[in-house]
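Each chain is listed here by its residues.
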Protein chains: 2
Amino acid sequence: MRIALDAMGGDFAPGPIVAGAVEAVRDQDDLVVVLVGDQERIEAELAKAPGAPRDRLPIVHASQAIGMDEKPVDALRKKRDNSISKSWGLMAAGDVKAIVSAGNTGAMVASALFAGAHAKMFLPGVRRPGIAAIFPSHQGPIVIIDVGANMNAKAEDLYQYGIMGSIYAQEILGVTSPRIGLLNVGSEDDKGNDLTRATRALFQESPWAARFVGNIEGRDIYEGHVRVIICDGFVGNVLLKAGEGAVEFLFATLREELARLLPNLPVDAGQKIAGSLKNLKSRFEYEEFGGAPLLGIRGACIICHGSSGNRAIKNALRVAYAMAEDRINAQIIEQLGAKLEASEPTAEAEGDGPKS
Amino acid sequence: MRIALDAMGGDFAPGPIVAGAVEAVRDQDDLVVVLVGDQERIEAELAKAPGAPRDRLPIVHASQAIGMDEKPVDALRKKRDNSISKSWGLMAAGDVKAIVSAGNTGAMVASALFAGAHAKMFLPGVRRPGIAAIFPSHQGPIVIIDVGANMNAKAEDLYQYGIMGSIYAQEILGVTSPRIGLLNVGSEDDKGNDLTRATRALFQESPWAARFVGNIEGRDIYEGHVRVIICDGFVGNVLLKAGEGAVEFLFATLREELARLLPNLPVDAGQKIAGSLKNLKSRFEYEEFGGAPLLGIRGACIICHGSSGNRAIKNALRVAYAMAEDRINAQIIEQLGAKLEASEPTAEAEGDGPKS
């Protein structure tokens, strides 16, 4: 299996990115990771890994890289030879079966939808791919989909996200028959906006009605009673970024608070507390799953967090490998197909417009 | 000034609610707090406050109370004599100038919009009132509006929320010329959905253009560089509840983590840490502002957190008093009026529908 890895994407690229690729190919004999990016810099990193199976770490040179803070659309337009577009080019050409990047998420998504739509890379029956992010909960990891691929989602899109997210949660997170909840502002059937009402109706008359628990609220997310939460890409993206912001803010204020405390504590106590905090913060990062998959495309695409280290990259490559083996995509196609026969998207299902 | 207080609303009602009212009238000589709820239970609580100025603590009996977890719409329909509806009745009748409740938020909002719309209690020029919630940030408290009053907001609604939120932040939070940010999924002008694009356009051609910083992302919220953040009620409500959930989850895991640690720490160290945590958690509760105001109505309405203690209730009554003095509402009317002449809501400004 050949997977394209954006070697230039990530806060610390290319160092930990290339290191993660080396670990991945060492773990998996039939894995080839195509390193896309600045040839010289990649060579320099590979030189630090003596004995790495270079035959399974080919390099595709890209003269440009998109910065983490660059405006995605502008950057894609200006930097034609960037490592993200080039990686998607390899996907579109069928040279690789999956793609992994810890780079500029906006650029990654824009590029994915562009390449995907044009190269007919969406799975049959899929209306729009969705990004599934992993959140922590008292019950373990949960999936929230979509967190940024689809800003004007229709009920039928959310329905598909529920199915795809559920299959992902089962196959990758190992949750048995994960239940699907609709992110909403209250538990009553008629709560929310036109989109949520239409989505609810669509699920209730579908083959997946049994898996669908109906509305859940923001505060239910971390309880983990529902392992797959669907929402449109705008809400999900705001939620994802606000969640990161909240955790950072909380740990920052926590550090302040404890710093004021430490001088009055025995040294070893201070060290133990610092250790605990580190331990705690790690619970909010799901490195073992590598990143957020873009569900609904042929093969696989994993979007990693910008701060990804070699471990996260290695795991993202492992997950991409598993997802590109087609077992998961086959299920998605089958389930969406079943649905599409059952009921075509209705006018109502399309309605997320204003009804004032 | 007469303010209606829902004595039955809140996790610990009526105890701390009545206690807060007693403190408030003791602080403010010309304040009359009308206690709405179960006469007997309120009397019993008042009896615990010997020497309370009973003449400024009249009781209006309501035989029913809506539980915190009851489904708002159902509950309002079934319990006609509930303390929330009765409080709004007093507002509509002009018997009180403000209303405060720590009860079922959904019921409070539904009741507010119903009573407000029917009794012409919206301020002139206001399209739809919005709920302004206070979030913590590195720069101090910030305002996010709307967090649940308006589920299908138009650009013109968000524009008004920006103005009202900015006036509130200045007058109540004491922020000088607070800047307004549009919650979005990226910083580029064309980011987001039809609603955000229309809102952005509306601000840029408005008298408030200088105060408007454009798009901000979820992770910027807690930085506090922008003190007023506007979004539609669906996004804001999900954000508010998810934020509460995240903080609770984080403190729960933090407690676990430290519990594992404490046995190995000297007792006083453990106590100091527990103290710090309490101190820290309090930073996430803005009791000094009492709760979230519903902006855009005549007089004032403060929706308090269900867990509000007497201090929060006292402060909510103080804020309600200040807001009902009309200085703030006069500014809102003036600013919205200025805008309404400048540009009537356009078709584009109305458009938050699907453009697929």
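All values reported here derive from a predicted model rather than from experimental measurement. (Residues numbered from 1 in each chain as written. Chains lettered and ligands numbered in written order. Predicted model: local features only at pLDDT ≥ 70, side-chain atom pairs only at ≥ 80, totals over all residues. Heavy atoms only, no water.)

Participant: I keep staring at the sheet that holds strand β2 (residues 32-37) of chain B and nothing clicks. Help me out?
Facilitator: Remark on secondary structure: sheet strands pair via backbone hydrogen bonds, oriented parallel or antiparallel. Residue and element names in this part refer to chain B. With respect to topology, 11 strands assemble into an open sheet ordered β3-β2-β1-β4-β11-β10-β5-β6-β9-β7-β8, the strand pairing being mixed. Looking along the sheet, the strands with just one partner apiece sit at the ends: β3 (59-61) and β8 (212-216). When strand polarity is set aside, the average angle formed by the axes of neighbouring strands in this sheet is 25°. Both β2 and β3 contribute to a ladder of three bridges, which runs parallel. (Pairing = 2+ DSSP bridges. Helix = DSSP H or I, 4+ residues; strand = E, 2+ residues; numbered from the N terminus. Axes fitted to C-alpha atoms, helices over the stretch in contact; angles between N-to-C directions.)

Participant: Looking at this structure, how should I read the interface of chain A and chain B?
Facilitator: It is common to give the size of an interface as the accessible area that goes away when the parts come together. Listed per partner, the contact involves 65 residues of chain A and 64 residues of chain B. Across the interface of chain A and chain B, roughly 5700 Å² is buried in total on both sides, 67% from carbon and sulfur atoms. Taken together, chain A and chain B are joined by four salt bridges. A salt bridge links A:K241 to B:E217; the nearest nitrogen and oxygen atoms lie 2.3 Å apart. Where chain A meets chain B, there are six residue pairs in polar contact (both at pLDDT 80 or more). (Contact = heavy atoms within 4.5 Å. Buried area = accessible area lost by both parts, 1.4 Å probe. Salt bridge = Lys/Arg side-chain N within 4 Å of Asp/Glu carboxyl O. Polar contact = N/O pair within 3.5 Å; in protein donor to acceptor, adjacent residues only side chain to side chain.)

Participant: Mind showing me how you'd approach the packing of helix α1 (residues 15-27) of chain B against helix α10 (residues 310-324) of chain B here?
Facilitator: When two helices pack together, their arrangement is given by the angle between the helix axes and by the axis-to-axis distance. All names here are of chain B. Following both chains from N to C, one finds α1 and α10 inclined at 45°, their axes separated by 7 Å at the closest point. One way to sum up the angle between α1 and α10 is to call them oblique. Handedness of the α1/α10 crossing: right-handed. On α10, the residues that touch P16, I17, A19, G20, A21, E23, A24 and D27 of α1 are N310, I313, K314 and L317. Of the residues that constitute the contact of α1 with α10, the class distribution is seven nonpolar, two polar and three charged. (Parallel < 35°, antiparallel > 145°, perpendicular 65-115°, else oblique. Left-handed = near helix turned anticlockwise from the far one by under 90°. Nonpolar A, V, L, I, M, F, W, Y, C, P; charged D, E, K, R; others polar.)

Participant: Would you mind going over the pairing of strand β4 (residues 98-101) of chain B with me for this structure?
Facilitator: Consecutive residues of a regular strand have side chains that alternate between opposite faces of the sheet. All names here are of chain B. Burial of β4 is two-sided: the residues A98 and V100 facing one way and the residues I99 and S101 facing the other way are all buried. As defined by bridge partners, strand β1 (residues 2-6) adjoins β4 across three bridges and the pair is classed as parallel. Across the sheet, L5 pairs through a bridge with V100, a residue of β4. Summarising the sheet, β4 and strand β11 (residues 300-303) pair through four bridges and their orientation is parallel. Residue pairing in the sheet places S101 in a bridge with I303 of β11. (Buried < 20%, exposed > 50% of the residue type's maximum accessible area, 1.4 Å probe, protein only.)

Participant: What is the right way to look at the relation of the copies chain A and chain B in this model?
Facilitator: In this arrangement, two copies of a chain are superimposed by a rotation about an axis accompanied by a shift along the axis. For the match of chain A to chain B, the screw axis carries a shift of 0.0 Å, the RMSD comes to 0.0 Å, and the turn is 180°. Such a combination of rotation and displacement between the chain copies is what one expects of a two-fold axis. Same-surface contact between copies: 98% of interface residues of chain A are shared with the interface of chain B. (Least-squares fit on C-alpha atoms with pLDDT ≥ 70 in both.)

Participant: Looking at this structure, I do not really get the domain arrangement of chain A. What am I missing?
Facilitator: Residues and elements named next belong to chain A. The assigned domain composition of chain A is domain 1 (1-121 + 289-331) and domain 2 (127-264). Averaged C-alpha coordinates put domain 1 and domain 2 at centres separated by 26 Å. Tallying the contact residues gives 18 residues for domain 1 and 19 residues for domain 2. Taken over both partners, the interface formed by domain 1 and domain 2 buries close to 1500 Å², and the fraction arising from carbon and sulfur atoms is 74%. Taken together, the connections running from domain 1 to domain 2 amount to one salt bridge. Here R327 makes a salt bridge to E171, at a shortest N to O gap of 2.3 Å. Summed over the shared surface of domain 1 and domain 2, the number is four residue pairs in polar contact (both at pLDDT 80 or more). Among the secondary structure elements, those contributing two or more residues to the side of domain 1 that touches domain 2 are α5 (105-118), β10 (292-295), α10 (310-324) and α11 (327-342). Tallied by class, the residues present in the side of domain 1 that touches domain 2 amount to 13 nonpolar, four polar and one charged. (Domains from an automatic or database assignment.)

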